[in-house]
Amino acid sequence: MPGITCRFPARLGRLGRPGGGPPHPEAPAGHTTPPGDGTAAAHPTVTDRSTTAVCPTVTDRGTARGHSTVADRGTAAGHARGLAAALTRGRRRRFLVVRGALGLFLFTAVAAPAGCGSGTPTVPPTTPGVPAPPTEPRDQLAAYAAAAQDRRLVATYVLSVADGPDRTISVTRAMDGSWRVDIPGGALGGQADVSMAQTAEGLFQCQLASAGSPDPAGCVRVAGLGQPLDPGIDPRLQHLFTDWPEVFTDRQAPLAVSTAELAGARGHCFAVDVTSASVSPPLDPGIYCYEPDGTLTAARLPAGDLRLVGAPAPAPATIALPGPLVDRVPLSIAAPTEPTS
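If you're wondering where the values come from, they're calculated on a predicted model, not measured in any experiment.

**Here we look at the overall build of the protein chain**
Check the secondary structure of the protein chain and you find four helices and 11 strands. The long-range fraction of contacts in the protein chain, counting pairs at least 24 apart against all pairs at least 6 apart in sequence, stands at 51%.

Encoded structure:
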């Protein structure tokens, strides 16, 4: 076949001579050696097994792995080549097996941390502990007062005074932040009933219809939102439910706070005193009692003793002024002076 050169041992030269020669001793009868010069041009017979291992026949072209022909399998060289080919195939199979095992190991090593049963423990989230309640009286009062600022309700209180009959105080703190406190005898030295109310338009003093007042009910705007109220027209009881709780939460306010008791009062009571002299103190000194939800249950003030009656009712969405807006002078707190002759 093209590209293949067959080389034979030197002893094959005697098998062919110029002009032909006698038959080979092992050749069948009638078989002679083809003409040749005793060189590599003279091919051996098929039965010369000692020469077939050197040059395979054309039928060997399909043996890419080095296989010999059928006639070559019986020789030592054929066995050697077959063994080498088998070893090569075995090494290749072992390489594929090892490579597959190595790939499986690497895949397992990479996938294991992300899968179930990984070695990294899952730390459960920790629940923050509930803070301990305050122990100092001022801190306790500040906690109750903070709840009172958000308290929305309708409540009724009784105000007891030493030199007069009990009066019923009605308090409404609506859901929109507006409020209204009705104070019988809150103006003109106890002769007129008034209501202090605040809406988005400002702060109003409303005169309620009563037997002791000849004027009809009506409301006068006395201050804008956040503006101070003239002390001469301020009945002060409304501050218990509006801005004094904010003073209780102010650590800079000049207050001295201690625990106290008030007979018949529910909740926790605190004695509050103002520690600095001022023409306009931030609140009235006294005893203030609160429930944990911020409901004021009782108070002892210069104006009298205030006590909650019954349970508070749910708050409305907003409040309504008890009378129309009128253009007149607000009522003073003090009783009117009698004209002199």
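**Focus: the side chain of T295**
If you trace the backbone, T295 turns up in the loop between β9 (286-290) and β10 (296-301). A polar atom in the side chain of T295 sits 2.8 Å from the side chain of R151. In this structure the side chain of T295 is engaged in a polar contact, spanning 3.0 Å, whose partner is the side chain of D293. Sequence-distant contacts of T295, defined by excluding residues within four places in its chain, comprise R151, L153, C289, Y290, L308 and P312.

**Some details on the pairing of strand β11 (residues 304-313)**
Of the strand pairs in this sheet, strand β1 (residues 153-160) and β11 are connected by six bridges, and their pairing is antiparallel. Bridging across to β11, V154 finds its partner in A313. Relative to β11, β10 runs antiparallel, the two being bridged by four bridges. Counted as the bridge partner of A298 is R307 from β11. The loop that links β10 with its antiparallel partner β11 comprises two residues.

**Points about the sheet that holds strand β2 (residues 167-173)**
Ordered by their spatial adjacency, 11 strands build an open sheet running β6-β5-β4-β3-β2-β1-β11-β10-β9-β8-β7, and the pairing between neighbours is antiparallel. Strands at the two margins of the open sheet, each flanked by one partner only, are β6 (218-223) and β7 (255-260). Recorded for the sheet is a direction-independent mean angle of 20° between the axes of neighbouring strands. Here strand β4 (residues 192-199) runs beside strand β5 (residues 202-207); their pairing, made up of six bridges, is antiparallel. Paired with V194 across the strands is Q207, a residue of β5. Helix α3 (residues 137-149) rests against β2, β7, β8 (268-274) and β9 of the sheet, and its axis sits at about 95° to β7.

**A short note on the pattern of salt bridges**
Applying the stated criterion to the full structure yields six salt bridges. Of the charged contacts in the structure, one is a salt bridge between D182 and R180, with a shortest N-O distance of 2.8 Å. For D182, a relative accessible area of 16% translates into the label buried. R180 sits in the partly exposed class, given a relative accessible area of 21%. Across the salt bridge formed by D284 and R236, the nearest N and O atoms sit 2.8 Å from each other. Remark: R236 occurs in the loop between β6 and α4 (244-248) and D284 occurs in the loop between β8 and β9; sequence separation between them is 48 residues. Residue D284 is classed as buried on the basis of its relative accessible area of 15%. Judged by its relative accessible area of 28%, R236 falls in the partly exposed class.

**Looking at the nonpolar core**
Core analysis: the largest hydrophobic core is formed by 41 residues, its most contacted members being L240 and Y288. Apart from the residues within four sequence positions on either side, L240 is in contact with P245, Y288, Y290, L296, A299, L301 and L306.

Rules behind the numbers
- Residues numbered from 1 in each chain as written.
- Predicted model: local features only at pLDDT ≥ 70, side-chain atom pairs only at ≥ 80, totals over all residues.
- Heavy atoms only, no water.
- Helix = DSSP H or I, 4+ residues; strand = E, 2+ residues; numbered from the N terminus.
- Contact = heavy atoms within 4.5 Å.
- Polar contact = N/O pair within 3.5 Å; in protein donor to acceptor, adjacent residues only side chain to side chain.
- Pairing = 2+ DSSP bridges.
- Axes fitted to C-alpha atoms, helices over the stretch in contact; angles between N-to-C directions.
- Salt bridge = Lys/Arg side-chain N within 4 Å of Asp/Glu carboxyl O.
- Buried < 20%, exposed > 50% of the residue type's maximum accessible area, 1.4 Å probe, protein only.
- Core = buried A, V, L, I, M, F, W, Y, C linked by side-chain atoms within 4.5 Å.

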